[in-house]
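# Structural description and commentary
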Amino acid sequence: MSLSRKEIEKVSHLARLQLSDPELDAMTAQLANVVEYMETLSGLNTDDVEPLAHASDISNVLADDILKPSLSREEALANAPKRDAECYRVPAVLGD
Amino acid sequence: MSLIESTAAQLHRQLTSGNVTSVEVTQSFLDHIQQHDEHYSAFISLNVEAALAQAEDIDRRRASGKPVGALGGLPVAVKDVICTKGQTTTCGSKMLRDFVPPYDATVVCKLKQADGVLLGKTNMDEFAMGSSTENSAFGVTHNPWDRTCVPGGSSGGAAACVAARMAPLSVGTDTGGSIRQPAAFCGVTGMKPTYGRVSRFGLVAFASSLDQIGPIAQTAEDAALLLQALAGHDPNDSTSSSKPVPDFLRAINQPLVGLKIGVIREHFGEGLDDEVAAAVREAVHTYQALGATVSDISLPHNQYAIATYYVIAPSEASSNLARYDGVHYGFRANEAEILETLKQERDTATATNQEATGKELDSELIRMYQRTRSEGFGSEVQRRIMLGVYALSEGYASKYYLKALKVRRLIRQDFDKAFEKVDLIVGPTSPTPAYPIGDKIADPLSMYLGDLYTVSANLAGIAGISIPCGFSKTGLPIGLQLQAPAFEEERLLQAAHMFQQQTDWHTKRPSLKN
Amino acid sequence: MTHDAFQTIIGLEVHVQLQTQTKLFCRCSTAFGAPPNTQTCPVCIGMPGALPVMNGKAYQLALRTAVALHCEIPRFTKWDRKQYYYPDLPKGYQISQFDLPMSQNGHLAISDPSGVFEPKKVGIIRAHLEDDAGKSMHDEAASKADSRIDLNRTGTPLLEIVSEPDMRSAAEARAYLSELKLLLMYLDVSDCNMQEGSLRVDANINLHLETSHGKVATPIVEVKNMNSFRAVERALSYEAGRQFELWEERHIQLGGPGGHKTTRGWDDEVQVTRPQREKEESSDYRYFPDPDLVPVITETDHVEEVRRNLDELPAAIRKRLESKYKITSYDTDVIVNQGRDFVDFYVTVAESCGDGKRASNWLQQDVLRTLKEAELSIEEFPVSADSLGDLLNRVSAGDLDNSRAKDVFSRMFNEQESVEEAMSALGIVKVDTSALESLCRELVTANPKVVADVQEGKSQAIGALIGQARKQNSNANPAEVKRICLKIIASL
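Below you will find a few notes about this structure. (Residues numbered from 1 in each chain as written. Chains lettered and ligands numbered in written order. Predicted model: local features only at pLDDT ≥ 70, side-chain atom pairs only at ≥ 80, totals over all residues. Heavy atoms only, no water.)

## What about the overall build of chain A?
Selection rule: Numbered from the N terminus, helices here are DSSP runs of H or I no shorter than four residues, and strands are runs of E no shorter than two. C-alpha atoms define the radius of gyration in this analysis, and the globule rule sets the expected value at 2.2 Å times the number of residues to the power 0.38. Remark: exposure states derive from per-residue accessible area (1.4 Å probe, protein chains only) relative to the maximum for the residue type, with buried under 20%, exposed over 50%, and partly exposed in between. Whether two residues are in contact is decided by their heavy atoms, any of which lying within 4.5 Å being enough. Note on areas: Shrake-Rupley, 1.4 Å probe, and residue coverage restricted to the protein chains presented here. Charged residues are defined here as Lys and Arg on the positive side and Asp and Glu on the negative side; His and the ends of the chain fall outside this count. A single reference atom marks each charge: NZ on Lys, CZ on Arg, CG on Asp, CD on Glu.
Of regular secondary structure, chain A possesses three helices and two strands. Walking chain A from its N terminus toward its C terminus, one meets helices and strands in the order α-α-β-α-β. Here the C-alpha radius of gyration of chain A, 23 Å, is well above what a compact globule of 96 residues would show, namely 12 Å. Based on the C-alpha atoms only, the size of chain A along its principal axes is roughly 55 × 45 × 25 Å. Put simply, chain A has 96 residues, and 47% of those count as buried. Within chain A, residue pairs in contact and separated by at least 24 positions form 16% of the contacts whose partners lie at least 6 positions apart. About 4,900 Å² of surface is accessible on chain A, with carbon and sulfur atoms providing 50% of the total. Between the centroid of the 9 positive side chains of chain A and the centroid of its 18 negative side chains there is a distance of 13 Å.

## Some remarks on the pattern of salt bridges
The cut-off we apply is this: Any Lys or Arg side-chain nitrogen found within 4 Å of a carboxyl oxygen on Asp or Glu counts as a salt bridge.
In this structure the tally under the stated criterion is 64 salt bridges over all chains. Measuring nitrogen to oxygen at the nearest pair gives 2.6 Å for the salt bridge that ties Glu380 of chain B to Arg383 of chain B. You can see Glu380 of chain B and its partner Arg383 of chain B sitting in helix α13 (residues 379-392), three residues apart, about one turn around the helix. In this pair, the class of Glu380 of chain B matches that of Arg383 of chain B, namely buried. Between Lys78 of chain C and Asp80 of chain C there is a salt bridge, and its shortest N-O distance comes to 2.5 Å.

## Overview of the interface of chain A and chain C
Here is the rule: The term buried area denotes the loss of accessible surface (1.4 Å probe radius) that occurs when two parts are joined, taken as the sum for both partners. Polar contacts here mean pairs of N or O atoms no more than 3.5 Å apart (in protein, one a potential hydrogen donor and the other a potential acceptor; neighbouring residues in sequence count only if both atoms are side-chain atoms). Charged means Asp, Glu, Lys or Arg here, nonpolar means Ala, Val, Leu, Ile, Met, Phe, Trp, Tyr, Cys or Pro, and polar covers whatever is left, Gly included.
The partner chain C presents 47 residues to the 37 residues of chain A that form the contact. Contact between chain A and chain C buries roughly 3,700 Å² in total, counting both sides, with carbon and sulfur atoms accounting for 54%. Taken as a group, Leu14, Asp65 and Tyr88 of chain A account for 18% of the area that chain A buries against chain C, more than any other trio of residues on that side. Summed over the shared surface of chain A and chain C, the number is four salt bridges. The salt bridge partner of Arg148 of chain C is Glu86 of chain A, with a shortest N-O separation of 3.0 Å. Linking chain A with chain C are 18 residue pairs in polar contact (both at pLDDT 80 or more), by the criterion used here. At the level of secondary structure, the elements contributing two or more residues to the side of chain A that touches chain C comprise α1 (5-14), β1 (62-63), α3 (73-77) and β2 (88-91) of chain A. Among the elements that take part in the side of chain A that touches chain C, β2 of chain A stands out by supplying four residues, more than any other. Among the residues making up the side of chain A that touches chain C, the classes are represented as 19 nonpolar, seven polar and eleven charged.

## Quick look at the interface of chain B and chain A
Taken together, the contacts link 69 residues of chain B with 50 residues of chain A. Carbon and sulfur atoms supply 66% of the area buried between chain B and chain A, which totals about 5,400 Å² over both sides. Linking chain B to chain A there are two salt bridges. Among the ionic pairs, Glu335 of chain B bridges to Lys82 of chain A, the shortest N-O distance being 3.7 Å. Taken together, the links from chain B to chain A amount to 19 residue pairs in polar contact (both at pLDDT 80 or more).

## Re the sheet that holds strand β9 (residues 146-150) of chain C
Put simply, the test is: Two strands make a pair as long as DSSP finds a minimum of two bridges between them. Note on geometry: axes are lines fitted to C-alpha atoms, helical ones only across the stretch in contact, with angles between N-to-C directions running from 0 to 180 degrees.
Pairing within the open sheet is antiparallel, and its three strands lie in the order β2(A)-β9(C)-β8(C). Looking at which strands have only one partner, the edges of the open sheet turn out to be β2 of chain A together with β8 (135-138) of chain C. Each strand of the sheet is rotated relative to its neighbour by a mean of 35°, with strand direction disregarded. Of the pairings in the sheet, the one linking β2 of chain A to β9 of chain C comprises four bridges and is antiparallel in character. Looking across to β9 of chain C, one finds that Arg89 of chain A is bridged to Arg148 of chain C.

## Some points on the packing of helix α9 (residues 356-374) of chain C against helix α10 (residues 385-396) of chain C
All names here are of chain C. Inclusion rule: The labels follow the angle: roughly parallel below 35 degrees, roughly antiparallel above 145, roughly perpendicular from 65 to 115, and oblique for the rest. Should the near helix be turned anticlockwise from the far one by less than a right angle, the crossing is left-handed, and should it be turned clockwise, the crossing is right-handed.
Put simply, α9 and α10 touch, their axes get as near as 11 Å, and they point 120° apart. Considering the angle they form, α9 stands oblique to α10. Taken as a pair, α9 and α10 cross one another with a handedness that is right-handed. Packed against α9, whose contacting residues are Arg358, Ala359, Trp362, Leu363 and Val367, the element α10 presents Leu388, Leu391, Leu392, Val395 and Ser396 at the interface.

## What to know about the sheet that holds strand β16 (residues 288-289) of chain C
Reading across from one edge, β5-β4-β16 (chain C) is the order of the three strands in this open sheet, with antiparallel pairing throughout. The sheet is open, and its two borders are formed by β5 (93-96) and β16 of chain C, each paired with just one other strand. Here strand β4 (residues 80-83) of chain C pairs with β5 of chain C via four bridges, running antiparallel. Residue pairing across strands places Gln83 of chain C opposite Tyr93 of chain C, the latter belonging to β5 of chain C. Sheet strands touched by helix α10 (residues 305-320) of chain B: β4, β5 and β16 of chain C. Its angle to β4 of chain C, the strand with the most contacts, is close to 60°.

## Some thoughts on α10 of chain C
Residues and elements named next belong to chain C. What counts here: What a helix is expected to span follows from its residue count: subtract one and scale by 1.5 Å.
Over its twelve residues, α10 extends 16 Å from the first C-alpha to the last, a length consistent with the 16 Å expected when each residue adds 1.5 Å. The complete set of buried residues in α10 reads Ala385, Ser387, Leu388, Gly389, Leu391, Leu392, Arg394 and Val395. For α10, the secondary structure elements touched by its buried residues are α8 (340-353), α9, α11 (402-414) and α12 (419-425). Count one or two residues on from α10 and you reach Gly398, which has phi positive near 85°.

## Thoughts on a negative patch on the surface
Residues and elements named next belong to chain C. Heads up, the condition is: Like charges within 9 Å and nonpolar side chains (Val, Leu, Ile, Met, Phe, Trp, Tyr) within 5 Å are joined into patches, using only residues over 30% in relative accessible area that form no salt bridge.
Taken together, the side chains of Asp341, Asp344, Glu379 and Glu380 define an acidic patch exposed on the protein surface. Among the secondary structure elements, Asp344 is positioned in helix α8. On the basis of relative accessible area, Asp344 is assigned to the partly exposed category, the value being 39%.

Following this line, the structure appears as C-alpha cells:
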C-alpha cells in the first residue's frame, strides 16, 4: 500500500506543518518509500506478543506532595516570542 | 606530550598532582578550538568566560586544600540538546536558536558538582534526528579525519571534538546509535549506557523511551571517568533507575576472565563493507587471543529493528516536538506576514465566492502554528514528525505503532536469549566508515539503514559501546560495537579497556587543517 | 423535564480538581487566584527537556474516590498522551488515560426524597487521573486580536468521572451531581468549588422516541459552559425540549445524515444552548503511552486497605440516621447534605436528648437558620452539641416548653451561656405541680365563659386560660396548664 498525497496533506495538518505543493510532492515520495519499508513488519506474526512501550520495568514512581519553588514570572516568560507584563500572547483563540 | 594530546586520565593525574592547573588545561583546549573549529563546526557555542571562571575556582580550591570533584577541573563538551541554565540550548534548530533554559539538566548539575569545566555546546543533527550532523541549522560538522566526510550523528560535534582534541571529554546522546556511530566514524570511544542509567531530565527529548545520555572520550578509561560523573538515580526522571552505580574506574583494571563473546551471524550479511567486516573479525581474534571464547549467535528479529525503530522513534518525536508551536518559547513566524497572506486568501475566496462552498480558512492562530513549525524545523525533522503523526493516526496506529511495540518485545527477547549464552555481543558499529558529506542526505531511507546495528540496543534498553578497531584504506576509522545486558556497563568498559591495552587504534589522531 | 412523547438520555462527564498542594507532574502550587504565570516551572510550561513525576497524593485521592464510587481498580494502569494544539496546553498534549484507566465500572446511587424519580444506580464507566490545561483570556480591553495565556492552572490534577448515559431527566442529572459533590466533599478530595472551576460538568444528551417505525434516537449533543447545578438542570431541560422540537421539524436521527455528535454551550443569561465551534480533528488525538512516565501497579491489598479506611459515606450515614433516630429520608437528606461535621453534631444532640426527631427539627430550623444568619459553619458554632442536647433534654422532660427553649437557645448563642446560665438569666425555674394546680383552679373559677365553651366542645377556648396563666407565671408550661385545666373542668 502506498501513501497518497491526500493522506500526506491530512497528516501535515495534524502535524501543524504548512507544506508547499512541491514540498508535499517530495514528502509524499520520501515517506511512501519509508512507509513501504515499514511494511516489512506486517509479515511478522505478533498475535501473542504483548506490546513493549518501554524497556525499563520501573513502576510506581510517585513524588511527595510538597511544594518546591516555581520560576519567577520573569524567568517563565523570558523565552516567550510575544508577551506582556503578565502573560504569553497569541493570535486570538477562537471558540470559547 | 602537549596537554591537548593527553587522555583525560593523564590530564586528571596531572591536575591532581598540581603539575598543571585547570585554567591552563581549559585555555589550551579553548585555544585549540578557536584555532581549528572554523573548519569543523564541532561547536555551536563556547563558554569561554564561564569555563575559565569555573577552572579558576577549581584551581583555587585545590590550591587551598579544599575538596575538588571527581573530574578535577577537566574540560567537558556538552551536546547542545542538554539544557544549560543561562546558556543557549539550540538542539541544532532554528526553532530554539535563542532558547535560554532557566534550569540545568541533571547531568549538567552533576558535571558541575564533579568539577567538570563546561567548555561549550556541540553541534548535532537537529533535535538529534540524523546520522550525519548534516541536519543542523548551524552548519555541517566535518569529520576530523577527512573534512569532506560526515562525522556521523547525531552527536557528530560531540565525537568530532574529541577526535580533533578540542575536548578531552564529551557528553553525547544516543537514541538509535547517535553516540556509537559518530564515535566509530571519528575513531573515538563512545558509550550508550543502559536506559535509565543516566538521568534524562534536561535532555531535550527526541524519543523518550529510547534517548540516553552517554560519554564520548578517547579511551574506555576516560569514558569510565565521565560515566561515573553522569550516572545515578534522579528523582526528577521517572524512568531513571535506582540501581546503585558501580565504581567504573576501579572495575576497568580488572580483566575479564572466561569472557564469552557472541558474534551476530546476521550482522555479517548484505550491506556490510568488506573493510569493516575484516577489521571486526580481526578484533574478534584479538579477544580470542586474550582468552575469550567466541560463539555465533542469532538475533532473528534484528532484521526488523530499523522498521521498528523508525516507527517508534518518529511517533514519540512527533509528540515530543508538538510543544514547539511559537507560543511559550522559541521561534515564532512573522505575524504580520501571516495576517497579510490570510487577508489575500480571504479576498481571493470572496472574489471567487469560495465562502459559499463552505470551505473555511484556517484561523490566524493555526496559521501561526503552521508557519512557525514549517519555518522553524528543518526538513528531516519535518519528515520524522510527519512519519510519527501518520504512524499514530486513527486507522494506522495498530498497523504501525502498536505493531512496532510488539516487534520491540521480540527484539528484546532475542537479546535476553543471546545473553543467556554469552557475556557480550560483538559486531560492527556501522556498516561502513564515514561517507562523503551530501552522499545520503537526499535519500532518507538509505541514511536510516546505516543505523542497522545500533538501533536494537535502544529498543531493548541495553548498553553498548563503540571503540576504534581499525582504519579503511582511505584512512577513515572503523568502529567495533560491544553490547552488554542492561546495567552491565562495567563489563563493557572492562572489555573495551582490555582491547585498548592490546591495540593502539584509539591512540591515533587525525592531523587537522589550520 | 419529562415528556410522554420521548425519553431523555443523559450521561455526565465531571472534572474534579483534586485537593493537593502541588500539581500532578511538578511541585508548583495549585492555589487558586495567584497572579498570572507565577506558579509555573519548566515541567508545567512544557519546556524542552523537562520531565513529569507523578504526585503520589493525587493518585491516592483519585484512588480513594474511585473506591468510594465502587469502581474496579485494575492492577496495572498507565498514562497516555492526548494530543491536540491549544495555546493553554503548552506540551501539545494532555497527559490523560486512554485504554487502561485507573478505575472503571462503578456506580453512584441517587434518590429523590420528594419522589420526583425512583431511586436508581447511575453507572460510572471510568474515573481517571489527568492534568488540567491553563487559561486563555481574550484581550478585549486592548481590542486587539490577541489572547493572553496564564499557565498557573496548567498541570493541576483532575479526576475525570464519566457516567453511563443512565439519567432520564434533568432532575436526575442534578441529583447525580449533588450526590457526587457530596461524596467528594465527604471524601475530602476536592473543594468542588464550581465558581473557581474545581468542579466542571459536561453533559451528553439525546432523546429516544417511539415512532410508527419503531424506536429512534436523536443526535447526541454535548452541552458545555454550565457553571452551576441549577444551570445544568435548566440547560438539559432546555436541550431536551429543543431536540424534541427539532425532531418534530426535521426528523434527524442519530447516525443518520446530519446526525453526528455536536457541541453546544449554555448561555445562562438568555437560558438557551447555542452551537459551539468544534475543536478541530477532535477525533484524532493520537493517544499513546507517555514514555516519560512509568505505570502504577496497585495491588488488591492496597485497594482493600483504602476501602477499609474510608470514612462512612453519605449513603450509609443516611441509612444509619433513618433507622437509628427514626427520622424521615427528607430529614436525613437535609442533615447529611450539610456535611460530616453537621452529621456528627446531630448525632451528639440526638444521643444526648434521646429524641432524634426533636434534634432533627431543632437542627434544621433553629441551628441552620442561626448559622445562615451569622454566616458561620457548624465547626464555628459557639453552642456545643452537648449543651444543645442538654437543652432539648429539658424540653423532653417537660422542664421547659419549646418557645422558652428557643429563648434559652438564643441566649446560649448570643451570650455564649450554658443552659443553666441562660435559664437563670431568663428567670426560668420549674413551677412545682401544686402551685400550678392552684393557679389553674383560680383561672377556671374566674372564667366561667371559657369553662362553658369548653364544656360545649370548643376545646380550643382553653387557649385563653393558657395565655392568662403565662401572664401570671411566665414559667408555666402551656401543655401542663392545658392538661390540668381540662382535668379540672371535666371534674366540675
